[in-house]
Each structure stands twice: as C-alpha cells, then as structure tokens.
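# An overview of the molecular structure
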Amino acid sequence: MSKKIFIFANESDSSRLTERQLRKKLDKSGYSICQNYCEDADLMVCIGGDGTFLEAMHRFSFPPMPIIGINTGHLGLFQEISPNMLDDFIFNYSQDRYTLQKLSTVQMKVKCSDGINEHLGINEVLIRGNATYSIHLNISIDGNFIERFSGDGVLIATPAGSTAYNYSLGGSIVDPRLEVLQVTPIAPMNTTAYRSFTSSILLPSDLSLQIVPDMHDRKHTICVVNDGFSVEYDDVVEIEVGFSDVSVNLMRFENYDFWRKVKSKFL
Ligand code: NAP
Ligand code: MN
C-alpha cells in the first residue's frame, strides 16, 4: 500500500507554489496525499517557517507521525530542507535515508481555584504579569523553595526552544542532545529591595518547578504563554512546570548538523 502524506502550508505565495510542486512530485512517485489531517498518515510535511511548524504542532495536537519541514523564506531552524530540494527529499525518504530527532515538550499545569489547565510548549512556556506591574513568583525546585523572583516574568525553554525567545533574553543555546530545561528570567529585579537570579539556570529533565505567585498579585492577572499562544488567569494558586511525555519526531537527513545550522542562522 502506498504511503500517505499530509501537507500543511502557510498562506505565503512561495509556500503555495512549493506545495503545488510537491503534490505533483509525490503523486508521480506513487504516494497518496491526504486531503485532511489524519492521525494514521505516514508523514507530515510542513511548509513555512518555524512559526508555521509550531502552529501545525498545536493545531494537530502534537502529531505522532514523522514531520519534515520545508523552509520558505523564514528563519526555519525546525525546517530541514529548502524548496529546491524536493527531489532529494523524495529520494531519501523513499530509501529510508533519514533519522528522527525527538523534540520533547515542556508542560505547564496551572492550578486555579476551579481546576487545573495544562499548556504544552515545543519552544517554551512563560509566566508574566500584565505589562504595568512587576510580578513576584515564589519558585521551588522539586518542592524546595529556591527564590522569590521579582521582575517581568520567567521563561522555561526546552533545548529546541533555547534558540528562540530564550536566546533573545540572554539565555544559552542548548545542544539538542542534552535533555535540560532552561529557566530564564525576564527583566529580573536585583536590588536591596528584591533579589532574583539574573542568569538562566539549567535543570535535569526529571525535575519540576513549582511557582506560586505572591498573594497580593492575585488581584493582578497572570499571563501564561506557550509557543506564542497566551492565556490570562485571574486566580492562579500554583503553576507546575516540567517535561511532559508528549514529543514529536522531526525528520533529519544525513548531513544534518545542529551547530552548523545554528552558525548559518545566527552568525
Ligand atoms: P513570531 O513572533 O512571528 O516569531 C519570532 C521569531 O522566532 C521568528 O523569526 C521565528 O522563526 C523564530 N523562532 C520560532 N521558533 C524558533 C526556534 N526554536 N529557534 C529559533 N527561532 C525560532 O512568532 P512565531 O513565528 O509564531 O514563533 C513563536 C516563537 O516566537 C515563540 O515560541 C517564542 O520563542 C518566539 N518569540 C520571540 C520573541 C523574542 O525573541 N523577543 C518574542 C516573542 C516570541 P520563523 O521566522 O521561521 O517563523
Ligand atoms: Mn513567525
């Protein structure tokens, strides 16, 4: 039976053109193309930039099949190939010449007075106040109190997300072979009045963080953001953050090298 492929593309002209070309080529090579998303597809192709990849992962609830990204003119760290490599891609795929890179997700459980809401991030989750006030967050690591953070907020990045918002905040780029969570402060206050860590801290994958907003902050809104999707809460009791069991598998070809890619995109 021929393999089933699902294609997700953003709205840009170059993405649409790439999608049309890819459909033709896949059809010619005997693959069948799913009209709608189906969980039993053998492969998902994602055409666009990193933002499109993230959108697809959330829209389809972190799909189980391998995912290949085609970059159409954005930064594209998740995206493995460019639109001029469609033939190479189809050949390598048909020959099983690829590896799968597992991307773990970070999970945030927001406990409110009326229940728990969960949010997953491939890049990161972050907690911040509204723009007007600083927030004060009592942070524990595995149940042990570590600091009362004061500032704009904290961001918790996966290795894959280390090159995104985390990097703009002065966080470190993490080699994807390391399974660590990076906790990065957003505009920390560090004065005689307030003391917070001013650099990122790194945690092993089996530890979790507990974050309790200061009582007097409860009258303010807490904003949680996962991969750019934000939700506001008015009555947060505690937030727990750690790696989740959910992951996705990115297809990488023989010459993939993380540091070479980072060098070409950042330096
Ligand atoms: P966006 O605001 O349109 O994109 C921000 C930029 O981040 C885009 O250039 C995007 O790449 C890039 N990006 C996304 N994931 C990345 C990764 N893992 N490594 C390196 N760069 C990455 O929003 P978006 O495209 O939907 O992406 C959401 C992400 O934006 C969030 O997860 C957050 O990390 C990031 N963000 C960054 C800042 C900041 O740096 N100050 C502020 C807010 C959000 P493409 O151009 O390929 O889409
Ligand atoms: Mn974007």
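Residues numbered from 1 in each chain as written. Chains lettered and ligands numbered in written order. Predicted model: local features only at pLDDT ≥ 70, side-chain atom pairs only at ≥ 80, totals over all residues. Heavy atoms only, no water.

Moving on to the nonpolar core. The biggest cluster of nonpolar side chains holds 26 residues, and the ones touching the most others in it are I127, I156, L209, I211, I239 and V241. Within the residue set of this core, elements represented by two or more residues are β5 (99-112), β7 (124-128), β8 (135-141), β9 (144-157), β10 (180-188), β12 (209-213), β13 (222-226) and β15 (236-252). With 20 residues, the next largest nonpolar core counts F6, F8, A56 and V248 among its residues. (Core = buried A, V, L, I, M, F, W, Y, C linked by side-chain atoms within 4.5 Å. Buried < 20%, exposed > 50% of the residue type's maximum accessible area, 1.4 Å probe, protein only. Helix = DSSP H or I, 4+ residues; strand = E, 2+ residues; numbered from the N terminus.)

Below, the discussion takes up the pattern of salt bridges. As enumerated under the stated definition, the model contains ten salt bridges in all. K25 is the salt-bridge partner of D87, the closest N and O atoms lying 3.1 Å from each other. Within this pair, whereas D87 is found in helix α3 (residues 86-94), its partner K25 is found in helix α1 (residues 13-28), the two being separated by 62 residues in sequence. By relative accessible area, D87 is classed as partly exposed at 49%. With a relative accessible area of 29%, K25 lands in the partly exposed category. The salt bridge involving E238 is made with K111; its shortest N-O contact spans 3.1 Å. Of the two residues, E238 is situated in strand β15 and K111 in strand β5; the sequence distance between them amounts to 127 residues. Salt bridges sharing common partners tie together K111, E238 and E240. (Salt bridge = Lys/Arg side-chain N within 4 Å of Asp/Glu carboxyl O.)

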